[in-house]
Amino acid sequence: MPIKNFHCPKSLLRFSKKKPFEVTINKSFKEVVKYCAITNRTETWINKLIETKFLQLHNRGYAHSIECWEKSKLVGGIYGLALGGCFFAESMFSKKSNASKFALLNLVSRLHMLGYTLLDVQFVNDHLKVLEMRRM
């Protein structure tokens, strides 16, 4: 998905202006991966090997997370791999309504500011549909 084509719906923009969550980068990478594996899921593809490898990539500066906090509690986040001008989003989680959407919006904004051109996603889900692609 080309980052330049992302569009933030007015409702999410209004929500984000309220600054509902504190946002951090790479503060709790390991916890984000863990919560992506267990939050609101009965099954997961994120196993111990994937957790270990992504933690190694994070320690080398390739894998990153965006975290959303409410009252010092981690309530949402997203993690993935940054290579060249592409960010490969692996997974996201939300323990609070709109926390993962807010993390995604922050991720896309930061990627745009840093000059990234693509956001790679495994499949388009409801959270990704929130940031509708502009038609060329």
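Going by the structure above, here's the rest.
In what follows, the accompanying structure is described. In this text, all values refer to a predicted model and were calculated from it rather than measured experimentally. (Residues numbered from 1 in each chain as written. Predicted model: local features only at pLDDT ≥ 70, side-chain atom pairs only at ≥ 80, totals over all residues. Heavy atoms only, no water.)

Turning our attention to helix 4 (residues 99-113). In this model, helix 4 (15 residues) spans 21 Å end to end at C-alpha, consistent with the 21 Å of a helix rising 1.5 Å per residue. In the stretch just after helix 4, glycine 115 is the one whose phi turns positive, near 85°. (Helix = DSSP H or I, 4+ residues; strand = E, 2+ residues; numbered from the N terminus. Expected span 1.5 Å × (residues − 1).)

Another point: the sheet that holds strand 1 (residues 22-25). In a beta sheet, neighbouring strands are held together by backbone hydrogen bonds and run either parallel or antiparallel to one another. Ordered in space as 1-2-3-4-5, the five strands form an open sheet in which the pairing is mixed. Looking along the sheet, the strands with just one partner apiece sit at the ends: strand 1 and strand 5 (118-120). Between one strand axis and the next, the sheet turns by 25° as a mean value, whatever way the strands run. Here strand 3 (residues 73-83) runs beside strand 4 (residues 86-94); their pairing, made up of eight bridges, is antiparallel. Of the residues in strand 4, the one forming a bridge with glycine 80 is alanine 89. Where helix 2 (residues 29-38) meets the sheet, it contacts strand 2 (63-70), strand 3 and strand 4, and its direction lies at approximately 100° from that of strand 3. Its contacts with the sheet place helix 3 (residues 48-59) against strand 2, strand 3 and strand 4, and it is angled at close to 70° to strand 3. (Pairing = 2+ DSSP bridges. Axes fitted to C-alpha atoms, helices over the stretch in contact; angles between N-to-C directions. Contact = heavy atoms within 4.5 Å.)

Further remarks concern the environment of lysine 30. Relative to the helices and strands, lysine 30 is located in helix 2. In sequence terms lysine 30 and histidine 58 are 28 residues apart; their C-alpha atoms lie 9.0 Å from each other.

Turning next to the packing of helix 2 against helix 3. It is at 10 Å that the axes of helix 2 and helix 3 come closest, and there the two elements cross at 150°. When the axes of helix 2 and helix 3 are compared, the pair comes out roughly antiparallel. For the element pair helix 2 and helix 3, the recorded crossing hand is right-handed. Contacts from Phe29, Lys30 and Val33 of helix 2 reach helix 3 at Glu51, Phe54, Leu55 and His58. (Parallel < 35°, antiparallel > 145°, perpendicular 65-115°, else oblique. Left-handed = near helix turned anticlockwise from the far one by under 90°.)

Note on aromatic pairs: each is described by the distance of the centres and the angle between the planes. One pass over the full model with this rule turns up six aromatic pairs. Plain terms: the ring middles of phenylalanine 54 and tyrosine 79 are 5.3 Å apart, the flat faces sit at 85° to each other, and that makes the pair edge-to-face. Of this pair, phenylalanine 54 sits in helix 3 while tyrosine 79 sits in strand 3, and the two are 25 residues apart along the sequence. The buried category is assigned to phenylalanine 54, whose relative accessible area is 11%. Cluster of aromatic residues (ring-pair linked, three or more members): Phe15, Phe21 and Phe102. Over the aromatic face of tryptophan 69 sits the side chain of lysine 27, whose NZ or CZ is 4.8 Å from the ring centroid. Directly above the aromatic system of tyrosine 35 lies the positively charged group of lysine 95, at a separation of 3.6 Å from the ring centroid. (Phe/Tyr/Trp six-rings, centres within 6.5 Å; stacked < 30°, edge-to-face > 60°. Buried < 20%, exposed > 50% of the residue type's maximum accessible area, 1.4 Å probe, protein only. Lys NZ or Arg CZ within 6 Å of the ring centre and 35° of its normal.)

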